[in-house]
Amino acid sequence: MKKKKIDKTPARLDFIQSASGLILGLFMWGHMFFVSTILLGKDVMYNVTRFFEGYYFFGESYPIIVTIVAGIVFFIFIVHAAVAIRKFPSSYKQYKIMRNHIKSFKHDDTRLWFWQVFTGFAMFFLGSVHLYIIMTNSADIGPYASADRVVSEWMWPLYILLLLAVEFHGSIGMYRLALKWGWFEGKDAKKTRDRLRSYKYAITVFFLTLGFLTLAAYIKIGIEHKDNVGERYHEQSVTVKGVQQ
Amino acid sequence: MSEEIKPRILKINVLRFDPNDKNDFPHIETFEVEEADGMTLYIALNEIREHNDNSLMFDFVCRAGICGSCSMLVDGRPTLACRTLTSKLGESITLAPLPLFKLIKDLSIYSGEWMRGLNERLETWIHDKEEELNFDKLEERMEPELADEIYELDRCVECGCCVAGCGTIQMKPDFVGAVGLNKIARYHLDPRDKRDDEEYYELIGNEDGVFGCMTLLGCEDVCPKDLPLQSKIAYLRRMMIKTALKN
Ligand code: HEM
């Protein structure tokens, strides 16, 4: 029997959209836990930083590792955005139809989708700025360096918006992923969906709370450290290699 | 005090328009109807036609949620008028025709034409090898569980609620919608249909098909027949990905 030739691209695009979204979503959860170690003290965060710079493997810090990881995340981020942009309304007419539909239908999951697209759009800008800065300044991550960036280098307004965008986008995205592929569906899909939706809300609240507490901690350190911008935490004891300074 | 509770006076706001009347334009007309026990919107609409305005147009056939003709937007939500009790609604009720379908007049739409187009596009009939068709041969037996499963999906009455509740199809009218995907799921289950996975992929393995679905799940939430649309669409998505992978 002759085999029909099918166009596999639409399947691939859908798969790439979901896979990239899943990787980014999981990464963001991990990322939040690492960043929030500042709440446990400067030393803890400092050691986490050194860990990711390979200090505990090589005996020296290599911020280039952070640059590479940030580069990979940036790449996945761009791929995800490129694929997901297919879902944006592509004209004012489409946008208006969707707004009217949302307004009259009053349906939660349709509303959530709007917020996902809205926050996705915002992240084109917010996410790119953050990722580029981390890629190019990977040696300047630490209790003082990061706090200075937040306060003295004016990143806090961007971080507030980025935090809101990522947390809403990510948790709505993970919820949608599970429904779209039928994960955890079980016997009663409706019950599972209700349960997933409450997890989604819990996750959003949890990460937003953790995120804002963390940001507040950096802002506090940044303000206290305002007069000593540039000074590094325990800097003297660390040899920085792999980055030209 | 008297035991009797005064019945509510419902204000029924109907979006009215006759596309064939050049002088007409879409407008809301409000009718007052005294609520009765167990009143459905279908009964209320008949009251209006009988007592207020006999030119009001709306569709119905079976009055029991079987034919799917009386679908309309009730306070913005697609549903069947004959299965909607007025007691579940507020005093002021807004009715509008389902969007996307051809408007005949007022609440009456030509959903049949749209559904026919969809069925032709997706070839929603059993595909068998024509030349091997033998009317004397007994049909192969089917497990009762499978027959039930097929029957479950066959309950679709093509009312169009899932289409009206789908943001994706509103934005992108070429999308097949849940009604189309449900039908594909139904024929895919049926052992009498000899189409292979690649042939199904040809039909819905694209952005107007299953990959266009954005999982807003309006379809699942409004389907008057409670069809398992969310699960079936997820199933088709997985199946289509597998088909693409194995080729
Ligand atoms: C410029 C940046 C981004 C843009 C433009 C963007 C856009 C989108 C859009 C429009 C969707 C909806 C797709 C659909 O309806 O099918 C989506 C889904 C998703 N996004 Fe993003 N996003 C971005 C960044 C991120 C980030 C940083 C994360 C991680 C937290 C993420 C996680 C997800 C997930 C998990 C999904 C669900 C995937 C799916 O439905 O297949 N996105 N994204």
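Residues numbered from 1 in each chain as written. Chains lettered and ligands numbered in written order. Predicted model: local features only at pLDDT ≥ 70, side-chain atom pairs only at ≥ 80, totals over all residues. Heavy atoms only, no water.

Draft legend 1. A look at the interface of chain B and chain A. Taken together, the contacts link 38 residues of chain B with 36 residues of chain A. Summing both sides of the interface, chain B and chain A together bury roughly 3,300 Å²; the carbon and sulfur share of this comes to 56%. Counting across the interface, chain B meets chain A through 4 salt bridges. Glu207 of chain B is the salt-bridge partner of Arg86 of chain A, the closest N and O atoms lying 2.4 Å from each other. For the side of chain B that touches chain A, the secondary-structure elements that each account for two or more residues are strand 4 (77-80), helix 5 (167-171), helix 7 (197-204), helix 8 (218-222) and helix 9 (229-246) of chain B. In terms of residue count, helix 9 of chain B provides more of the side of chain B that touches chain A than any other element does, 8 residues in total. Its residues assigned to classes, the side of chain B that touches chain A comprises 13 nonpolar, 13 polar and 12 charged. (Contact = heavy atoms within 4.5 Å. Buried area = accessible area lost by both parts, 1.4 Å probe. Salt bridge = Lys/Arg side-chain N within 4 Å of Asp/Glu carboxyl O. Helix = DSSP H or I, 4+ residues; strand = E, 2+ residues; numbered from the N terminus. Nonpolar A, V, L, I, M, F, W, Y, C, P; charged D, E, K, R; others polar.)

Draft legend 2. Here's a closer look at unusual backbone geometry. All names here are of chain B. Even without glycine at this site, Glu123 takes up a positive phi of about 50 degrees. Backbone geometry at Asp226 places phi at a positive 50 degrees, although glycine is not the residue there. Looking at the element boundaries, Asp226 is found in the loop between helix 8 and helix 9.

Draft legend 3. Just the coordination of the iron atom of the ligand, in detail. Residue and element names in this part refer to chain A. Here the iron atom of the ligand is held by the protein donor atoms His80 (NE2) and His169 (NE2), which lie 2.0 to 2.1 Å from it. Between the 6 donor atoms coordinating the iron atom of the ligand, the angles at the centre fall across 87 to 179 degrees, so the site counts as octahedral. Of this pair, His80 sits in helix 4 (residues 64-84) while His169 sits in helix 8 (residues 156-181); the two residues are 89 residues apart in sequence, bridging distant segments of the chain. (Donors = N, O, S within 2.8 Å, 3.2 Å for Na, K, Ca; no water. Tetrahedral: all angles 85-135°; square planar, octahedral: opposite > 155°, others 65-115°.)

Draft legend 4. Focus on helix 9 of chain B. For helix 9 of chain B, built from 18 residues, the straight-helix expectation of 26 Å at 1.5 Å per residue is met to within 8% by its first-to-last C-alpha distance of 26 Å. When you tally the buried positions in helix 9 of chain B, you get 13 out of 18 residues, the bulk of the element. (Expected span 1.5 Å × (residues − 1). Buried < 20%, exposed > 50% of the residue type's maximum accessible area, 1.4 Å probe, protein only.)

Draft legend 5. Fine view of the site of the ligand. All names here are of chain A. In the vicinity of the ligand there are 23 residues, among which Gln17, Ser18, His80, His169 and Lys180 approach most closely. Between an oxygen atom of the ligand and a side-chain N or O atom of Trp113, the distance comes to 3.1 Å. Here the residues of the shell around the ligand are counted per class, giving 11 nonpolar, 10 polar and 2 charged. (Near = heavy atom within 4 Å. Polar contact = N/O pair within 3.5 Å; in protein donor to acceptor, adjacent residues only side chain to side chain.)

Draft legend 6. Highlighting the pairing of strand 1 (residues 9-16) of chain B. Residues and elements named next belong to chain B. Summarising the sheet, strand 1 and strand 2 (residues 27-34) pair through 8 bridges and their orientation is antiparallel. Residue pairing across strands places Val14 opposite Glu29, the latter belonging to strand 2. Bridge count for strand 1 against strand 5 (residues 92-96) is 4 bridges, and the pairing is parallel. For Lys11, the partnering residue across the bridge sits in strand 5 and is Ser92. (Pairing = 2+ DSSP bridges.)

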